[in-house]
Amino acid sequence: MVFRVGGIDILVITNNGQAVDLGQFTSLGIDPTRYRTVAVKSMQHFRAAFEPIAREIVLVDTGALCSEIYTPELFTWVRRPIWPLDPIPSPRTGHVHRPRRGSYSSGIPALRRPTK
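This report concerns the structure included in the present document.

Procedures and definitions
Residues numbered from 1 in each chain as written. Predicted model: local features only at pLDDT ≥ 70, side-chain atom pairs only at ≥ 80, totals over all residues. Heavy atoms only, no water. Core = buried A, V, L, I, M, F, W, Y, C linked by side-chain atoms within 4.5 Å. Buried < 20%, exposed > 50% of the residue type's maximum accessible area, 1.4 Å probe, protein only. Contact = heavy atoms within 4.5 Å. Salt bridge = Lys/Arg side-chain N within 4 Å of Asp/Glu carboxyl O.

### Points about the nonpolar core
By size, the foremost hydrophobic cluster in this structure holds six residues: A19, F25, I30, F46, A49 and F50. Setting aside residues up to four positions removed in sequence, F46 forms contacts with A19, V40, E51, I57 and L59.

### Let's talk about the pattern of salt bridges
Following the criterion strictly, the structure yields two salt bridges and no others. Here R4 makes a salt bridge to D9, at a shortest N to O gap of 2.7 Å. Owing to a relative accessible area of 18%, D9 belongs among the buried residues under this scheme. The partner of E51 in a salt bridge is R47, with the nearest N and O atoms 2.8 Å apart. Judged by its relative accessible area of 40%, E51 falls in the partly exposed class.

Honestly, that's just the spatial picture; any functional story needs more than this.
Given below as structure tokens:
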């Protein structure tokens, strides 16, 4: 269902689903490539469909289950060391695997500590 409120088109779906392709928009007569701004409520699933048509992607931390902001307080009770929070030596080779800041490795987001 599409609602138009103050010049903004709002798409509402009945069944819970991620925005994994543009079909959720086009099936309702909306062409997302013709919009200046498109907002989707999705953590990662949207990327395959929307990155190719996006000028920019802005992630918003809503304070929900998955956050882009990791702070040391969130890991107070975690047994340390643990990757990707800490460098971990390989038990076989002794090579130290360090978290890669600002990138993704094995599907796990690198942790960026807020600057003070």
